[in-house]
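Here are the chains, one letter per residue:
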Amino acid sequence: MQFARKLPKTDTGVDDGIEIRIENLSVRFPDKNSRATVDALTGINLDIRRGEFISLVGPSGCGKTTLLRTIADLQAPSEGTVTVRGRTPREMRLQKKFGIVFQSPVLYDWRTARRNVCMPMELMGLPRKQRTRTVSEMLDLVNLLGSGHKYPHQMSGGMQQRVGIARALATQPEILLMDEPFSALDEFTKEKLNEELLSIWSIAKKTVVFVTHNIAESVFLSDRVVVLSPHPGRVSAVVEIDLPRPRHLAVRDTPAFGALVSRVRNSFEGV
Amino acid sequence: MNKQSNAWDQISTFLYPVAFGALFVVLWQTGLLHRLLGADTFTLPLPGRIFTIIEENTPAIMGNVRATLTVALGGLALGSLIGYLLGVLAALFSKWGKGGLTLASAFNAIPIIAIAPILNNLTKDFSTDANIRSMFAKILVVTVTSMVAMSVNAYRGLTELKPFSLDLMRSCAASGRQIFFKLRVPNSVPFIFTALRVSVPGCIISALVSEYFAEYIVGVGRQIRENIVLAQYATAWAYIVVACAMGIALYAALLISERILLKGRG
């Protein structure tokens, strides 16, 4: 695989194994109904290791999406800092180091699957030959090589979201940010895509930050689960998931899995 | 089975109106319609007579059709282009844009009958050639009437984006130019057709009406008026039929091109 050859290396030259460092981060939004502000996130401290699969899990309003958006430089912090490989999120965004998968697939309905995957590379101005090759590689990775000619309305929700993942990976980003990517899908499709995502991750070796409100999903996928609690949004626990890899869906039936799900569930505060 | 009933659905949507129209023509030709309305064949000639007149005067009619189509399509093109550019301006300066467009849509409330003579008068110094000066005035009328629908729809098409699509472009570090040409413009294409569905039938109507008031006597609309004044009702009816055919043909062309251009969007 093309991206597996690249060895992780920091831009600062000092490799401490930390991909994303979040220090004392707070994000406040103006309240719609009053002059006051709403604390979306307060005092977040978190280190995300290189190559780690980390989940941010919590109920609505806990700020998990805000945290992801702050890492991606789609949201500015009110206080504190986010550092990605020793650089600011803005520098990383402008260098196209983030691949993002959103809650909805956000495919352009005037483009086929292939041309949707191709879009970020067009923006980068990559040569056509390279674009065509990468698109095929990416579609192969998400098992959609035969469906490249289809338009979004001809694909199921699960297929559309897989195209979204292929597009996020097409620019060879260092970090994959996923914001509840499977929440709109049915349970069967979701489980299948969970397993597929793990296999993609094992090939692509990216750092993944995965936002979800589904505890079982977060335990199944992650190396660590960050539990966020609302009002104000804060980290209430970080749970290490020591289930062996590669993981398959059957792991969900083991007592160890059940115990980890309970641990995560019991970590919520004030819900 | 399902596919068959689908095909039948498609055929029947054409078939029923065509059958109704045919029935109407039969009632008309057999004189039943005249008895129902209490009309005579002098003011409402039989279809057979109307078609004979069209056949016998084809070259003259085609000349008038050409004049009317020039006005209608010229005005439509110019109005749609200006309208789209106004939509772009409104999208770029969103603070003023929305209010500006609301103001612009007030233009829609002005009847064509009212602006046609005014524009005719305003452009009387445009050229020494009455034909050119009339043509300019008529095209201007159609331009004004087809501009508003396009500007409002273009603005919507350029600004009503799917959730997260702007975030996606930003995460790809897209420039403002790239966001405009790769996201906003293609997003606006279906909205362009929404505008054209209003302004294509509208451009024929405004072209016909503008001819009524124009200085130079040419065009399908003008011929309807002239022949009614001369009490040549059969000839007037021939031009009315031609006017209807033009409107239907243009609308059909629009629907076909929409089908082709929006094929992938589902």
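Residues numbered from 1 in each chain as written. Chains lettered and ligands numbered in written order. Predicted model: local features only at pLDDT ≥ 70, side-chain atom pairs only at ≥ 80, totals over all residues. Heavy atoms only, no water.

Got a sec to walk through the sheet that holds strand E7 (residues 207-212) of chain A? Specific residues and values, please.
Residue and element names in this part refer to chain A. The six strands are arranged E5-E6-E7-E3-E8-E9 in an open sheet whose pairing can be described as mixed. Two strands lie at the open edges of the sheet, namely strand E5 (98-101) and strand E9 (234-240), each paired on one side alone. Between one strand axis and the next, the sheet turns through 20 degrees on average, direction left out of account. In this sheet, E7 lies alongside strand E6 (residues 175-179) in parallel orientation, the contact comprising five bridges. Paired with Leu176 across the two strands is Val208, which belongs to E7. The strands touched by helix H8 (residues 255-266) within the sheet are strand E3 (53-57), strand E8 (224-229) and E9, with E9 carrying the most contacts at an inclination of about 165 degrees. (Pairing = 2+ DSSP bridges. Helix = DSSP H or I, 4+ residues; strand = E, 2+ residues; numbered from the N terminus. Axes fitted to C-alpha atoms, helices over the stretch in contact; angles between N-to-C directions. Contact = heavy atoms within 4.5 Å.)

Can you explain the nonpolar core? Please cite residues and give values.
Counting 48 residues, the largest nonpolar core has Phe53, Val117, Ile165, Met178, Phe210, Val219 and Val264 of chain A as the members making the most contacts within it. Counting residues per element, this core draws most heavily on helix H5 (residues 157-170) of chain A, which supplies seven residues. Split by domain, the residues of this core number at least three in each of domain 1 (17-97 + 173-271) and domain 2 (108-172) of chain A. Once residues lying within four places of it in the same chain are set aside, the contact partners of Val219 of chain A are Val225, Ile241, Leu243, Arg247, Phe257, Leu260, Val261 and Val264 of chain A. With 44 residues, the next largest nonpolar core counts Ala90, Val220, Ala234 and Leu254 of chain B among its residues. (Core = buried A, V, L, I, M, F, W, Y, C linked by side-chain atoms within 4.5 Å. Buried < 20%, exposed > 50% of the residue type's maximum accessible area, 1.4 Å probe, protein only. Domains from an automatic or database assignment.)

Describe the environment of Met155 of chain A, listing the residues and the values that go with them.
Residues and elements named next belong to chain A. You can see Met155 is positioned in the loop between helix H4 (128-141) and H5. For Met155, a relative accessible area of 7% gives the class buried. Sequence separation of Met155 and Ala113 is 42 residues, and the distance between their C-alpha atoms is 9.1 Å.

Explain the sheet that holds strand E2 (residues 37-49) of chain A to me, using residue names and the numbers behind them.
Residues and elements named next belong to chain A. Taken in spatial order, the three strands line up as E2-E1-E4 in an open sheet, and their pairing is antiparallel. The strands lining the two open edges of the sheet, one partner per strand, are E2 and strand E4 (79-84). Each strand axis lies, on average, 20 degrees off the axis of its neighbour in the sheet, ignoring direction. Note that strand E1 (residues 18-30) and E4 share five bridges and pair antiparallel. Residue pairing across strands places Glu23 opposite Thr81, the latter belonging to E4. Across the sheet, helix H1 (residues 64-71) lies against E1, E2 and E4, angled at about 120 degrees from E1, the strand it touches most.

Before we move on, could you go through the pairing of E7 of chain A and cite the residues and values that matter?
Residues and elements named next belong to chain A. Of all six residues that make up E7, six are buried, and the element is covered over most of its length. Residues Thr207, Val209 and Val211 point to one face of E7 and Val208, Phe210 and Thr212 to the other, with burial holding for every one of them. Sheet topology note: the E3/E7 ladder contains five bridges and is parallel. Bridge pairing links Phe53 to Val208 in E7. In this view, the connection linking E6 to its parallel neighbour E7 by way of helix H6 (residues 187-204) has right-handed handedness. (Right-handed = clockwise from strand over helix to strand, strands pointing away.)

Tell me what's going on with H6 of chain A, and back it up with residues and numbers.
All names here are of chain A. With 18 residues, H6 extends 25 Å between its outermost C-alpha atoms, agreeing within 8% with the 26 Å of an ideal straight helix rising 1.5 Å per residue. Within the span of H6, buried status applies to Lys190, Leu193, Asn194, Glu196, Leu197, Leu198, Ile200, Trp201 and Ala204. Buried residues in H6 make contact with E3, H4, H5, E6, E7 and helix H7 (215-221). The N-cap of H6, judged by a side-chain oxygen 3.1 Å from the amide nitrogen of Phe188 a few residues on, is Asp186. The first or second residue beyond H6 is Lys205, which carries a positive phi of 55 degrees. (Expected span 1.5 Å × (residues − 1). Polar contact = N/O pair within 3.5 Å; in protein donor to acceptor, adjacent residues only side chain to side chain.)

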